Amino acid sequence: MTKRLYIQDVATRDGFQIEANFIPTEDKIALIDRLSETGLAKIEVTSFTSPKAIPNLRDAEEVMRGIRRVPGVVYTVLVPNVKGCERALACDVDEVNLVMSASDTHGLANLRMTPEQSLLQFGEIIEVTRGTDVFINASLSTAFGCPFEGEVSDTRIHELIQRLVEIGVQGITLCDTTGMADPAQVERLCRHAKNHWPDAVFTAHFHNTRGMGLANALAALNAGIDRFDASLGGLGGCPYAPGASGNICTEDLVHMFQRMGLDTGVDLDRLLQCAASLPELVGHEVPGAVLKAGKADRRYPKPKWMEV
């Protein structure tokens, strides 16, 4: 039986948040509606953060309420605090994604909070969701290394996963925020997580900063991970992490897995059509490779001299 993988696109949140120009609300909605028809398992629609903090996502309510929901697709949003969670719940989201850092320095730079302070706030946010069916996911940034502090020990990650599970987090995303991970590290950490917390839903979230994004995704797959964040066109990056570049590219990830005979549930041709609209939408080229080169089964005409 072919292994089923779950591909989760974060472009309209992680990607759009750092673009130089504001993407019009109607264009965000139209892109999400097209992505919803591609077979993606989950779409991170937006972030219910302060418009002052991330002006590009100041239209969170309008976008969330304006999209056309497709059965079977999970629509998730990032929430930074209790107020953001209340705003998200008012829009009937399927999931809220909480974000914290594994390192003190990145946590303070990105969130103005240490990991301990983030965990306390998570408890308050989770209380707000009591009585709802909303799924609680937590993204653990710098899980594979911090751009300020360097190595983050496996033991530290294990401790934080345990704390997250104890307070009621159902899903945990292990994030390589600035592309510091290597495949051996990824496989080791992901295998430990899957073995020690079998009831938690784990997602791998890689950036391609140093060209190892797809290799790390393959290592996570080998460790038993079946859910992967990626960003259409390879957009994205953390505004508070020096050296961060885009997420691994959704269409490149899907192309790799499908070439391996794995079931992603995604219509790659439709996904590539969505990616092809990005350069005009964001005003610059995007780093996705398959969009430029075509799928591996693409064939070219023979040289004319061979046709004689």
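Right above here is the structure, for reference.
Owing to the predicted nature of the structure, the values given are computational and were not obtained by experimental measurement.

Moving on to the sheet that holds strand β7 (residues 201-206). Pairing is parallel around the closed barrel formed by 8 strands, whose spatial order is β1-β2-β3-β4-β5-β6-β7-β8. Taken over all neighbouring pairs, the strand axes of this sheet differ in orientation by 25 degrees on average, direction set aside. Alignment of strand β1 (residues 6-9) against strand β2 (residues 42-47), held across 2 bridges, turns out to be parallel. What sits directly across from Asp-9, in β2, is Ile-43. Where helix α2 (residues 25-36) meets the sheet, it contacts β1, β2 and β3 (74-78), and its direction lies at approximately 165 degrees from that of β2. Where helix α7 (residues 154-166) meets the sheet, its contacts fall on β4 (95-101), β5 (135-141), β6 (171-176) and β7, and the angle it forms with β6 comes to roughly 150 degrees.

What follows is about the environment of Ile-157. Counting through the fold element by element, Ile-157 comes out in helix α7. Ile-157 sits 54 residues away from Ser-103 along the chain, and the two C-alpha atoms are 9.7 Å apart.

By size, the foremost hydrophobic cluster in this structure holds 88 residues, and its most contacted members are Val-96, Leu-174 and Phe-228. With 5 residues, helix α11 (residues 268-276) is the largest single contributor of residues to this core. Those residues in contact with Val-96 that sit more than four places away from it in its chain are Thr-76, Val-77, Val-79, Cys-85, Ala-88, Val-134, Phe-135, Ile-136 and Asn-137.

Packing of helix α10 (residues 250-259) against α11 leaves a shortest axis separation of 10 Å and a crossing angle of 160 degrees. Relative to α11, the element α10 is oriented roughly antiparallel. Of the two elements, α10 crosses α11, and the hand of that crossing is left-handed. Packed against α10, whose contacting residues are Thr-250, Glu-251, Val-254, His-255 and Gln-258, the element α11 presents Leu-268, Leu-271, Leu-272 and Ala-275 at the interface.

Considering all chains together, one arrives at 14 salt bridges under this definition. With its nearest N and O atoms 3.6 Å apart, the salt bridge here joins Arg-68 to Glu-37. Taken as a pair, Arg-68 in the loop between α3 (60-66) and β3 and Glu-37 in the loop between α2 and β2 lie far apart in primary sequence, 31 residues in all. For Glu-37, a relative accessible area of 37% gives the class partly exposed. The closest approach of N and O atoms between Asp-226 and Arg-227, which form a salt bridge, is 3.9 Å. The network of salt bridges with shared partners includes Arg-13, Asp-14 and Glu-44.

Let us now look at the side chain of Gln-121. Within the secondary structure, Gln-121 is located in helix α6 (residues 115-128). Of the residues examined, Gln-121 reaches a relative accessible area of 17% and is grouped as buried. For Gln-121, the residues in contact, after removing those within four places along its chain, are Pro-80, Asn-81 and Met-113.

Which parts of space are left empty comes out when a probe the size of a water molecule is rolled across the atoms. Taken as a whole, the largest pocket encloses approximately 660 Å³ of empty space. Lining the largest pocket are 42 residues; nearest its centre among them are Arg-13, Leu-78, Val-99, Asn-110 and Leu-111. Residue classes in the lining of the largest pocket are distributed as 15 nonpolar, 19 polar and 8 charged. The space that makes up the second largest pocket amounts to roughly 220 Å³. In terms of lining residues, the second largest pocket is bounded by 18 residues, among which Tyr-6, Ala-41, Lys-42, Gly-72 and Val-74 are the most central. By residue class, the composition of the lining of the second largest pocket is 9 nonpolar, 5 polar and 4 charged.

Moving on to α2. The terminal C-alpha atoms of α2, which comprises 12 residues, lie 17 Å apart, in line with the 16 Å expected from a rise of 1.5 Å per residue. Buried residues of α2: Thr-25, Lys-28, Ile-29, Leu-31, Ile-32, Asp-33, Leu-35 and Ser-36, and no others.

This paragraph deals with the packing of aromatic side chains. According to the stated counting rule, one finds 2 aromatic pairs in the structure shown. Their ring planes at 45 degrees and their centres at 5.9 Å tell us that Phe-144 and Phe-206 sit as a pair that is tilted. Placement of the pair is Phe-144 in the loop between β5 and α7 and Phe-206 in strand β7, with a sequence separation of 62 residues. Assigned by exposure class, Phe-144 and Phe-206 land together as buried. Seen from their ring centres, Phe-228 and Phe-257 are 5.1 Å apart, and the 55 degrees between their planes marks the pair as tilted.

Turning next to the side chain of Thr-203. Looking at where Thr-203 falls in the secondary structure, it is placed in strand β7. On the accessibility criterion, Thr-203 (3% relative accessible area) is buried. Look past the residues within four positions of Thr-203 in its chain and what remains in contact with it is Gln-8, Ile-172, Thr-173, Leu-174, Arg-227, Phe-228 and Asp-229.

What counts and what doesn't
Residues numbered from 1 in each chain as written. Predicted model: local features only at pLDDT ≥ 70, side-chain atom pairs only at ≥ 80, totals over all residues. Heavy atoms only, no water. Pairing = 2+ DSSP bridges. Helix = DSSP H or I, 4+ residues; strand = E, 2+ residues; numbered from the N terminus. Axes fitted to C-alpha atoms, helices over the stretch in contact; angles between N-to-C directions. Contact = heavy atoms within 4.5 Å. Core = buried A, V, L, I, M, F, W, Y, C linked by side-chain atoms within 4.5 Å. Buried < 20%, exposed > 50% of the residue type's maximum accessible area, 1.4 Å probe, protein only. Parallel < 35°, antiparallel > 145°, perpendicular 65-115°, else oblique. Left-handed = near helix turned anticlockwise from the far one by under 90°. Salt bridge = Lys/Arg side-chain N within 4 Å of Asp/Glu carboxyl O. 1 Å grid on protein atoms, 1.4 Å probe; cavity = no way out; pocket = protein on both sides within 12 Å on 5 of 7 lines; lining within 4 Å. Points joined across faces, edges and corners; volume = space filled by probe spheres on them. Nonpolar A, V, L, I, M, F, W, Y, C, P; charged D, E, K, R; others polar. Expected span 1.5 Å × (residues − 1). Phe/Tyr/Trp six-rings, centres within 6.5 Å; stacked < 30°, edge-to-face > 60°.

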